[in-house]
Structure formats: C-alpha cells, structure tokens
Amino acid sequence: MNKKRIAVLVSGGGTNLQAILDAQQSGIIRSGAVTLVIANKADAYALTRAENAGVDHCVILKKECGSQAAFEQAIIDKLEAYRIDIIVLAGFMSILSESFTSRYPRRILNVHPSLIPSFCGEGFYGLRVHQAALDKGVKVTGATVHFVNEIPDGGEIILQKAVDVLPGDTPETLQRRVMEQAEWVIFPRAVELVCAG
Ligand code: GAR
C-alpha cells in the first residue's frame, strides 16, 4: 500500500511533531510518512526537529504574503508541489479560512489541549486553554484530536483522552501533563487511523 503523504503545520516547539516523527520510527504510524513541515514562524524550534529528522521544511510568513488569502495560497502551492494527502496541525497558531478547510474535507487533523467542547474555539490556544481550565476549577481536562472544518475546534472528534488536574497545578505544569499523558499518545494514533482510512 502506498503511504499517505503527510504535511505537518507548526508554529512553535513542535513536541507534537516530534511525537509523530517518533511514532513513524517505532511503527505506530505505518500508513503515512511525514513528507513536509511548514512553519508560520521563522524561529519555530519545530523546524530544527524537521531538519534533524531529514524532513523537508519551509517557512511561510503571513506578513510577507500580504493577506490571509495569499498566505493560504502559498501553503496550498507547497502542499500541491509535495502531493500531500493529509495535513496535520501540530500547534499551528493560525486559523485557516473556510476556503482552505473546504478543499480538504476529513484530510486536516488538529490537536487541541482540552476535552472539546470545553475551553475551545477562537482565543483558546496554548497556555490560555490550561489557564481557563484552572480558572474554572475543573478536576479533569485532557486533549482532543479532531478533523478541521470551518468552525474553529468544531470538526468531528477522532480521539480524546482525559487527564487529571492536580492541586497546585499551574498552566505550565498542566500543559506538560496533558502533552505527556494525552497529546503525544493520541495524536500519532489518530494520524495512523486517518492514514489507514
Ligand atoms: C500543544 O499543547 C497543542 O495542543 C496546542 O499548542 C501546543 C503546541 O505544542 N495547540 C493549540 O492550542 C491549538 N488550539 P508543540 O508545538 O510542542 O506541539
């Protein structure tokens, strides 16, 4: 079987990208191969992870493109040049328009650091999600992998995993636990599920 060609879109540290690359090495992901990494920040450490893994990578900056439409077109051009089948948003901190998402129905995956529908949608990203969970006083949070459609964090849910909130947690300690116990576990599994059809 031909492996699906995966592009991973990133903005920051890229620990989820690393989890996916490691899962490819260990055989958890066997129906797809990360073929391209695209960052929308020039200093994203995720680019170093791609380089170390020998994966082609590039930077596309919205401000250099001039508009959201031109930014998305530049991404589409790269995806087409690499004949990408599956798009994985791994800490990609830019909302893609409906004109982008509707091109790739059930072909874009995202990981979100809460149990959707809690603490999600526009404005909920990164540490803000964990701050909101702590402010609310929830005792359980987690992570969700879902398909991406025109509603931010609103697409069909693929996998979820719960994680305990512990006394004394800060946004940083909770973020770390959610990554270790949930994101890095379910994201590679979901990528394999989708690549395997
Ligand atoms: C992850 O916790 C991911 O769930 C979150 O950003 C972090 C990226 O970390 N994504 C969102 O908040 C999207 N709304 P990483 O760059 O180390 O993978």
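Preceding this paragraph is the structure being described.
Basis of the calculations
Residues numbered from 1 in each chain as written. Predicted model: local features only at pLDDT ≥ 70, side-chain atom pairs only at ≥ 80, totals over all residues. Heavy atoms only, no water. Buried < 20%, exposed > 50% of the residue type's maximum accessible area, 1.4 Å probe, protein only. Helix = DSSP H or I, 4+ residues; strand = E, 2+ residues; numbered from the N terminus. Pairing = 2+ DSSP bridges. Phe/Tyr/Trp six-rings, centres within 6.5 Å; stacked < 30°, edge-to-face > 60°. Salt bridge = Lys/Arg side-chain N within 4 Å of Asp/Glu carboxyl O.

(A) Region of interest: the pairing of strand 5 (residues 108-112). Among the five residues of strand 5, five are classified as buried, and the element is accordingly described as predominantly covered. In strand 5, alternate side chains face the same way, and those of I108, N110 and H112 on one face and L109 and V111 on the other are all buried. Where strand 4 (residues 86-89) meets strand 5, three bridges bridge the pair, whose relative direction is parallel. Bridge pairing in strand 5 links I87 to I108. Two strands pair when backbone bridges link them, and strand 5 and strand 6 (residues 140-147) are joined in this way by four bridges, in the antiparallel orientation. Note that in strand 6 the partner of H112 across the bridge is T144.

(B) Here's a closer look at the packing of aromatic side chains. If you walk through the whole model with that rule in mind, you get one aromatic pair. When the centroid spacing of 5.3 Å and the interplanar angle of 50 degrees are considered together, the rings of F100 and Y104 count as tilted. Given the relative accessible area of 6%, Y104 is considered buried.

(C) The arrangement of the pattern of salt bridges in detail. This model, assessed by the stated rule, comprises five salt bridges. A salt bridge links E192 to R30, with the nearest nitrogen and oxygen atoms 4.0 Å apart. Placement of the pair is E192 in helix 7 (residues 171-195) and R30 in the loop between helix 1 (15-26) and strand 2 (32-39), with a sequence separation of 162 residues. By relative accessible area, which is 55% here, R30 ends up exposed. R103 is the salt-bridge partner of E80, the closest N and O atoms lying 3.1 Å from each other. Taken together, the residues span a long stretch of sequence, with E80 in helix 4 (residues 68-81) and R103 in the loop between helix 5 (98-101) and strand 5 at a distance of 23 residues. Residue classification places E80 among the partly exposed positions, given a relative accessible area of 47%.

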